[in-house]
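Inside the fold
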Amino acid sequence: VFLHDGTSRRTPRVPQVQLRPRRRQDEGMNEEERVEAADPAASPSLPGKQKVYLRTFGCAHNQSDSEYMAGLLQAYGYELTEVDLEADAWVINTCTVKNPSQTAMNNVISRGKASGKKLVVAGCVPQGDKRAKELDGMSLLGVTQIDRVVEA
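Let us look at the structure shown here. These numbers were taken from a predicted model, which means no experiment stands behind them.

Rules behind the numbers
- Residues numbered from 1 in each chain as written.
- Predicted model: local features only at pLDDT ≥ 70, side-chain atom pairs only at ≥ 80, totals over all residues.
- Heavy atoms only, no water.
- Helix = DSSP H or I, 4+ residues; strand = E, 2+ residues; numbered from the N terminus.
- Buried < 20%, exposed > 50% of the residue type's maximum accessible area, 1.4 Å probe, protein only.
- Areas by Shrake-Rupley, 256 points an atom, 1.4 Å probe, with all protein chains shown as cover.
- Pairing = 2+ DSSP bridges.
- Lys, Arg positive; Asp, Glu negative; His and termini not counted.
- Salt bridge = Lys/Arg side-chain N within 4 Å of Asp/Glu carboxyl O.
- Contact = heavy atoms within 4.5 Å.
- Disulfide = S-S within 2.5 Å.

Structural notes on the overall build of the chain
When helices and strands are tallied, the chain shows four helices and five strands. Its helices and strands in sequence order give the chain the pattern α-β-α-β-β-α-β-α-β, from N to C terminus. Expressed as a percentage of the 152 residues in the chain, the buried residues total 29%. Split by element, the accessible area of the chain, about 10800 Å² in all, is 49% carbon and sulfur.

Digging into the pairing of strand β4 (residues 118–123)
By the criterion of burial, β4 is predominantly enclosed, with five of the six residues buried. Bridge analysis of strand β3 (residues 89–94) against β4 gives six bridges, and the strand direction is parallel. Among the inter-strand pairings, Trp 90 is bridged to a residue of β4, identified as Leu 119. Pairing of β4 with strand β5 (residues 139–141), which is carried by three bridges, proceeds in the parallel orientation. Bridging from a neighbouring strand, Val 121 pairs with Leu 140 of β5.

Observations regarding the pairing of β3
With six of six residues buried, β3 lies mostly within the body of the structure. Going residue by residue along β3, you find Ala 89, Val 91 and Asn 93 tucked away on one face and Trp 90, Ile 92 and Thr 94 tucked away on the opposite face as well. Relative to β3, strand β1 (residues 51–56) runs parallel, the two sharing five bridges. Among the inter-strand pairings, Leu 54 is bridged to a residue of β3, identified as Val 91.

What to know about the side chain of Lys 117
Residue position: Lys 117 is located in the loop between α3 (99–114) and β4. Here Lys 117 is buried and forms no salt bridge, its nearest opposite-charge partner Asp 88 lying at an N-O distance of 6.0 Å. Ignoring anything within four residues of it in the chain, the contact list for Lys 117 reads Asp 84, Leu 85, Ala 87, Asp 88, Trp 90 and Gly 112.

Section: the state of the cysteines
Across all of its chains, the model carries zero disulfides by this definition. No disulfide involves Cys 95; its sulfur sits 4.0 Å from the nearest other cysteine sulfur, which is in Cys 59. Unpaired in this structure, Cys 124 has its nearest cysteine sulfur neighbour in Cys 95, at a distance of 4.6 Å. Taking the relative accessible area as the measure of exposure, Cys 124 reaches 22% and is therefore partly exposed.

Next comes the structure, spelled out in structure tokens:
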């Protein structure tokens with residue numbers, strides 16, 4: 001390249017790069033993953049976008065605690081459902097006072113595990129016996145921790 005004063009300057013040589021064809025971003029994704037990639041805010045895996053099934057066993061105090069937890073979940077954008085298999089997560093509020101409740105709770109936990117649901121067990125049972133084998137691999141909330149249900 002010649003400059004206006006008559007001198008020349010060597011221009012740097014730019015290496016040639018061979019471009020490969022681009023892979024489609026959504027290649028290999030199923031339909032749910034494509035929807036999530038297109039609009040991450042619509043993803044059911046984001047907190048506050050999931051459906052939650054809330055099941056209560058036992059005493060009147062547990063009924064009140066479940067209503068409180070339901071209000072917290074709804075305030076954070078979770079949708080409550082009465083259909084267990086349509087929910088992404090289950091919250092099971094338990095009571096040790098009434099023995100039939102313990103058996104029914106164990107059945108619900110087994111069904112939830114078999115369905116691959118995320119399970120949160122709250123109430124008297126996890127507070128009283130955290131090492132019970134039916135509670136393995138679950139989020140546990142004692143009666144004084146129910147205000148943390150959104151975090152679980």
